[in-house]
Amino acid sequence: MRKSHPLRRVVLATAATVSGIVLLLSLKPSSDPGAAQAAGAGASAQEAAQGGSGAVVSGTMTGDAAQTQYGAVQVRITVVNNKITKSEAVQAPKGGTSDQKTALAVPKLNADVVAKQSPDIDTVSGATYTSEGYKKSLQSAIDKANASAGSGSGSSQGSGSAQAAGTFTGDAAQTQYGAVQVRITVAGGKITKAEAVQAPKGGTSDQKTALAVPKLNAAAVAAGSADIDTVSSATYTSEGYKKSLQSALDKAKATAGSSSGSGDAGASSGAAQAKTVTGTVAQTQYGAVQVRITVAGGKITKAEAVQAPKGGTSDQKTALAIPKLNAAAVAAGSADIDTVSSATYTSEGYKKSLQSALDQAGG
C-alpha cells in the first residue's frame, strides 16, 4: 500500500478546518445587527414624535390652524399607545385651483405622517403652501401630544376627559361668514360653562350670532360634548362652533389625569416637567400673531412669537414689540401684560394667543 505523503495530510487537515469554520458561520443567528439598529432608530423617531417621555399617550389632538397664502390648514392626529394611527386635515385651502391641489396633496401628507411618525414629511410638489401649512399644524398637534405625555396613565383616552378641570379655548374655526372660537370651563368632569370668544359679526351675522350662540352654549353644557344640534338659520356658525368646541374638548382630554384629582390642572405634579405649547393664531388688522411658550415647574420659562405681522411699517413695530411682550410674559407668568405703545394690534393679538397657550398648558 502506498504511504500517505505528509504534505497531503497538512492540506487535507487545513481543508477540513476551513470547512468547519464555514459550517459554523452558516449556523449563526439570523438576526441582523443593522436591522436591529434601524428598528431602534424607528422606535426613537416614534418616541420623539410623541414627546419622548416614555409615558403612554393615546387620544386625538388637533393642531393649531396654520395660515397660508391660499387659506388655513389644520391637522388632527389620532395617537394610540404612542403611535400616530391616523392623520387628517380638518381645514385646507379651497376654491378655484386650491380644490385640486388640496385633493392631490392632503391624502399624500396624511399617509406620510402615519408612515414616518413625525413632522419630518415631504412637501408635495405643486402644493408647497398647503404642505408647509400642514407641517406647521402637525407640529402643533404633536406639541399637544407632548403636553399630555407627563400623565403616564393613558388617561387622555376614553373617559379620561371626565377627570379634567380648568378652562380650555378651542382652535378658531373659519366659516364662510367669519371665525368661531369656543372656550369651555370644566369642573368635576363636566362642562360647567361654554362661551364663544369669537363669532361672525356685521350685517345679518349680528342677528344670527345673537340668536345661535346662547343656544349653542346651553346645548354644550347640557350635552357635555360637541354632539349638539345645529341652530336653524345659523348653520355655518353652528358648524364652526361645534368644531371649535371639539378642539376645546380635545385639549381638556390632553390634560386629563395630570391633576392627580386636585381639580386644578395648573397644580399637577406633571407641571414640574417642561413642556412646549403653541397658542392658537390670533388674527389682527395687520396680520396673524401666534405665541409658543415653554412651561416648567408651573412657570413660563420662555415665550416667543412664531407668527407676527410683517411687511412695511409692521416690520419695525414687530421688532420693537415682540421682545418686550416675550419678556413680559415670562415675568408675569400670565397673559395679563401691558400693551406695547404704537403696537396695539400686535400686542392684543399676542395676548390672545398667549392666553390660548396657557389654557392648553392648564395655567
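Residues numbered from 1 in each chain as written. Predicted model: local features only at pLDDT ≥ 70, side-chain atom pairs only at ≥ 80, totals over all residues. Heavy atoms only, no water.

Attention now moves to the packing of aromatic side chains. Applying the stated criterion across every chain yields a total of 3 aromatic pairs. Consider the rings of Tyr 70 and Tyr 129, whose centres lie 5.5 Å apart with planes at 70°: the pair is edge-to-face. A residue pair is termed long-range when its members are at least 10 positions apart, and Tyr 70 in the loop between strand 2 (66-68) and strand 3 (71-80) and Tyr 129 in helix 4 (residues 128-147) qualify at 59 residues. For Tyr 70, a relative accessible area of 45% puts it in the partly exposed group. Accessibility expressed as a relative area gives 44% for Tyr 129, which makes it partly exposed. Their ring planes at 70° and their centres at 5.5 Å tell us that Tyr 286 and Tyr 345 sit as a pair that is edge-to-face. Here Tyr 286 is found in the loop between strand 10 (282-284) and strand 11 (287-296), whereas its partner Tyr 345 is found in helix 8 (residues 344-361), with 59 residues between them in sequence. The class of Tyr 345 is partly exposed, set by a relative accessible area of 43%. (Phe/Tyr/Trp six-rings, centres within 6.5 Å; stacked < 30°, edge-to-face > 60°. Helix = DSSP H or I, 4+ residues; strand = E, 2+ residues; numbered from the N terminus. Buried < 20%, exposed > 50% of the residue type's maximum accessible area, 1.4 Å probe, protein only.)

Taken over all residues, the pLDDT of the protein chain has a mean of 78, while the share at 70 or more is 74%. Throughout residues 151-163 the model reports pLDDT below 50, and contacts reaching past four residues in sequence, or to other chains, amount to 24 contacts. Note that residues 257-272 has pLDDT below 50 and, in this model, 20 contacts with residues that lie over four places away or in other chains. (pLDDT = per-residue confidence, 0-100. Contact = heavy atoms within 4.5 Å.)

Put simply, helix 7 (residues 313-332) and helix 8 touch, their axes get as near as 11 Å, and they point 35° apart. The crossing of helix 7 and helix 8 is right-handed. Mapping the contact onto sequence places Ile 322, Leu 325, Asn 326 and Ala 329 in helix 7 and Thr 346, Ser 347, Tyr 350 and Leu 354 in helix 8. Of the residues contributing to the contact of helix 7 with helix 8, the split by class is 5 nonpolar, 3 polar and no charged. (Axes fitted to C-alpha atoms, helices over the stretch in contact; angles between N-to-C directions. Left-handed = near helix turned anticlockwise from the far one by under 90°. Nonpolar A, V, L, I, M, F, W, Y, C, P; charged D, E, K, R; others polar.)

Turning our eyes to something else, we now look at unusual backbone geometry. The backbone of Gln 117 shows a phi angle near 60°, a positive value even though the residue is not glycine. In this structure, Gln 117 sits in the loop between helix 3 (97-116) and helix 4. Its relative accessible area of 6% is what places Gln 117 among the buried residues. The backbone of Ser 233 sits at a positive phi, close to 75°, despite the residue not being glycine. Relative to the helices and strands, Ser 233 is located in the loop between helix 5 (204-223) and helix 6 (235-255).

Our next topic: helix 5. Along its 20 residues, helix 5 runs 28 Å from first to last C-alpha, staying within 8% of the 28 Å computed at 1.5 Å per residue. Its maximal kink placed at Ala 212, helix 5 deviates by approximately 25°, while the proline Pro 214 follows within four residues. Taken residue by residue, helix 5 has Ser 205, Thr 209, Ala 212, Val 213, Leu 216, Asn 217 and Ala 220 as its buried positions. Once helix 5 ends, the next one or two residues include Gly 224, with phi positive near 70°. (Expected span 1.5 Å × (residues − 1). Bend = angle between axes of the 7 residues up to and from the residue.)

As a further point, take the side chain of Ser 353. Within the element layout of this structure, Ser 353 appears in helix 8. At 2.7 Å, the side chain of Ser 353 forms a polar contact with the backbone oxygen of Thr 280. In contact with Ser 353, not counting residues within four places along its chain, are Gly 279, Thr 280, Ala 282, Val 289, Gln 290 and Val 291. (Polar contact = N/O pair within 3.5 Å; in protein donor to acceptor, adjacent residues only side chain to side chain.)

Tracing the backbone through its elements, the reader meets Asn 81 in the loop between strand 3 and strand 4 (83-91). Along the chain, Asn 81 and Ser 58 lie 23 residues apart, while their C-alpha atoms are 5.4 Å from each other.

Turning next to helix 3. For helix 3, built from 20 residues, the straight-helix expectation of 28 Å at 1.5 Å per residue is met to within 8% by its first-to-last C-alpha distance of 28 Å. All of the buried residues in helix 3 are Ser 98, Thr 102, Ala 105, Val 106, Leu 109, Asn 110, Asp 112 and Val 113. Against strand 4 and helix 4 lie the buried residues of helix 3.

Where strand 5 (residues 166-169) lies against strand 7 (residues 178-187), 4 bridges are found, and the strand directions are antiparallel. Residue pairing in the sheet places Thr 167 in a bridge with Thr 185 of strand 7. Pairing analysis gives 3 bridges linking strand 6 (residues 173-175) to strand 7, with the strands arranged antiparallel. For Ala 173, the partnering residue across the bridge sits in strand 7 and is Val 180. In textbook terms, the turn of a hairpin is the stretch between consecutive antiparallel strands, and for strand 6 and strand 7 this stretch comprises 2 residues. (Pairing = 2+ DSSP bridges.)

Here the focus is the side chain of Ser 87. Assignment of secondary structure puts Ser 87 in strand 4. A residue is classified by how much of its surface remains accessible, and Ser 87, at 6% relative accessible area, is buried. Only 2.8 Å separates the side chain of Ser 87 from the side chain of Tyr 134, close enough to count as a polar contact. Those residues in contact with Ser 87, other than ones at most four positions away along the chain, are Val 75, Arg 76, Ile 77, Asn 110, Val 113, Val 114 and Tyr 134.

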